[in-house]
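# Residue-level structure breakdown
Residues per chain are reported as follows:
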Amino acid sequence: MPKLVERYPRALITGASSGLGKAFSEGLISEGIRVWGTSRKPEQMESTDPFTPVKLDLTKERDFKEWFDHWDSESGGFDLVINNAGYSCFGRWNTMSAADVEDQIRVLLTGPMQLGRVAFRAMVGRKHGCLVNVSSVAGQMPIPFMAAYNTSKAGLSAFSQSLMLETPKRSPWVIDFRPGDYQTAFNQHMKKRLEDDSECQTVWDELENLMAIAPKTSEAVSDLISALSSFRHCTRYSGSFVQTSIASLASRLLPNALKRYTLRRYYKIS
């Protein structure tokens, strides 16, 4: 089996300044891979020989082809592209502003699809490469009061599965990566609209408790590298046993009404 760096010597990772994106960058660099990592504020990331900070705001970028072609040329051609950038708003759907909804969908779904479109086109031309879309377990087992996030992640997984259908047995490969909770600052960066809502507060407190006992990001890095090393299309769940193995089984087998009941019990709401 070839080493990962032999197949994917140059990688582009969105949302690389913190959380899973930063962990993925460090993990790939440890494999000998050069990484170009994006952020809305790249000046806050350290530029080193194997890591190049790149500016990208998925809510504002309008010409993904021009942006990607520039950095693809600068790098010498990306062999691996990881759509990882993301954030969420928390609160009842009717309290969300139109701008919050639109920004989430751009960052979590339409932006990754547009970037994936131009990246995949380049990879198809080279007959080589891998596109990783970092979705979420929440796409199959929704988190209460995070409707836009759940919907976008479900859509991103559907995008990955669609690309797999188009190129069933050949590179470029597509990985539908579905993590659960990990110990990151994701909750700290979330826009919250609790508004004296006791049910929202109960779920938020439970999310904080789950984050406190979540696995470390090193486990997600290990799962990603394992998926990449298979050199094929794949769907990979990553995280705690309950949020991955049990959740994936329940999402397939439970009737929707029972699944909703189970989720309400899980998040401790009536």
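For the structure itself, look to the data block above.
Described in the following lines is the structure provided in the data block. Every value quoted in this text rests on a predicted model; they were computed, and no experiment measured them. (Residues numbered from 1 in each chain as written. Predicted model: local features only at pLDDT ≥ 70, side-chain atom pairs only at ≥ 80, totals over all residues. Heavy atoms only, no water.)

## Digging into the overall build of the chain
- Counting secondary structure elements, the chain contains 9 helices and 9 strands.
- For 270 residues, the compact-globule estimate of 2.2 N^0.38 gives 18 Å, and the chain sits close to it at 18 Å.
- Buried positions account for 51% of the 270 residues belonging to the chain.
- Here the contacts in the chain between residues at least 6 apart in sequence split such that 71% fall between residues at least 24 apart. (Helix = DSSP H or I, 4+ residues; strand = E, 2+ residues; numbered from the N terminus. Rg over C-alpha atoms; globule rule 2.2 N^0.38 Å. Buried < 20%, exposed > 50% of the residue type's maximum accessible area, 1.4 Å probe, protein only. Contact = heavy atoms within 4.5 Å.)

## Considerations on a positive patch on the surface
- Side chains of Arg 40, Lys 41, Lys 55 and Lys 60 sit close together on the surface and give a patch of like positive charge.
- Locating Lys 41 in the fold gives a position in the loop between β2 (34–39) and β3 (51–55). (Patch = residues over 30% accessible without salt bridge, like charges linked within 9 Å, V, L, I, M, F, W, Y side chains within 5 Å. Areas by Shrake-Rupley, 256 points an atom, 1.4 Å probe, with all protein chains shown as cover. Salt bridge = Lys/Arg side-chain N within 4 Å of Asp/Glu carboxyl O. Lys, Arg positive; Asp, Glu negative; His and termini not counted. Charge placed at Lys NZ, Arg CZ, Asp CG, Glu CD.)

## A word on the pattern of salt bridges
- Here the structure, examined in full by the defined rule, presents 10 salt bridges.
- In this structure, Asp 79 engages Arg 10 in a salt bridge whose closest nitrogen and oxygen atoms are separated by 3.6 Å. One end of the pair, Asp 79, is in the loop between α3 (64–75) and β4 (80–83); the other, Arg 10, is in strand β1 (residues 10–13), and 69 residues separate them in sequence.
- Taking the relative accessible area as the measure of exposure, Asp 79 reaches 7% and is therefore buried.

## A word on the packing of aromatic side chains
- A full pass over the atoms with the stated rule returns 8 aromatic pairs.
- A ring pair is formed by Phe 68 and Phe 78, whose centres lie 6.0 Å apart and whose planes are at 50 degrees; its orientation type is tilted. Of this pair, Phe 68 sits in helix α3 while Phe 78 sits in the loop between α3 and β4, and the two are 10 residues apart along the sequence. Taken as a pair, Phe 68 and Phe 78 share a single burial class, namely buried. (Phe/Tyr/Trp six-rings, centres within 6.5 Å; stacked < 30°, edge-to-face > 60°.)

## Observations regarding the pairing of strand β6 (residues 130–134)
- With 5 of 5 residues buried, β6 is to be regarded as a mostly interior element.
- Neither face of β6 is exposed, since Cys 130, Val 132 and Val 134 on one face and Leu 131 and Asn 133 on the opposite face are all buried.
- By the bridge criterion, 5 bridges tie β6 to strand β7 (residues 173–179) in an arrangement that is parallel. Residue pairing for β7: Leu 131 is matched across the bridge by Val 174. (Pairing = 2+ DSSP bridges.)

## Points about the nonpolar core
- Phe 24, Leu 28, Leu 80, Val 132 and Leu 228 are the most contacted members of the largest nonpolar core, which totals 30 residues.
- The greatest single-element share of this core, amounting to 6 residues, is contributed by helix α7 (residues 217–228).
- Residues contacting Leu 80, with those up to four places away along its chain left out, are Tyr 8, Arg 10, Ala 11, Leu 12, Leu 28, Met 123, Cys 130, Val 132 and Leu 228.
- Within the second largest apolar cluster, 28 residues are counted, among which are Val 118, Ala 119, Phe 120 and Leu 131. (Core = buried A, V, L, I, M, F, W, Y, C linked by side-chain atoms within 4.5 Å.)

## Describing empty space enclosed by the protein
- For the structure on display, the rule yields 1 cavity of 30 Å³ or more.
- Computed from the structure, the largest cavity encloses a volume of approximately 50 Å³.
- Every residue along the wall of the largest cavity is listed here: Cys 89, Gly 91, Arg 92, Trp 93, Met 96, Val 101, Gln 104, Phe 145, Met 146, Ala 147 and Ala 148.
- Taken together, the elements giving at least two residues each to the lining of the largest cavity come down to β5 (89–91), α4 (98–126) and α5 (147–166).
- A breakdown of the residues in the lining of the largest cavity according to their chemical character gives 8 nonpolar, 2 polar and 1 charged. (1 Å grid on protein atoms, 1.4 Å probe; cavity = no way out; pocket = protein on both sides within 12 Å on 5 of 7 lines; lining within 4 Å. Points joined across faces, edges and corners; volume = space filled by probe spheres on them. Nonpolar A, V, L, I, M, F, W, Y, C, P; charged D, E, K, R; others polar.)

## Things to note about the packing of helix α2 (residues 19–30) against α7
- Where α2 contacts α7, the axes come no closer than 9 Å and their chain directions differ by 55 degrees. The angle between α2 and α7 falls in the class oblique. The way α2 lies across α7 gives a crossing that is right-handed. Residues Leu 20, Ala 23, Phe 24, Gly 27 and Leu 28 of α2 lie in contact with α7, whose contacting residues are Thr 217, Ala 220, Val 221, Leu 224, Ile 225 and Leu 228.
- Tallied by class, the residues present in the contact of α2 with α7 amount to 9 nonpolar, 2 polar and no charged. (Axes fitted to C-alpha atoms, helices over the stretch in contact; angles between N-to-C directions. Parallel < 35°, antiparallel > 145°, perpendicular 65-115°, else oblique. Left-handed = near helix turned anticlockwise from the far one by under 90°.)

Coordinates in, geometry out; function isn't part of it.
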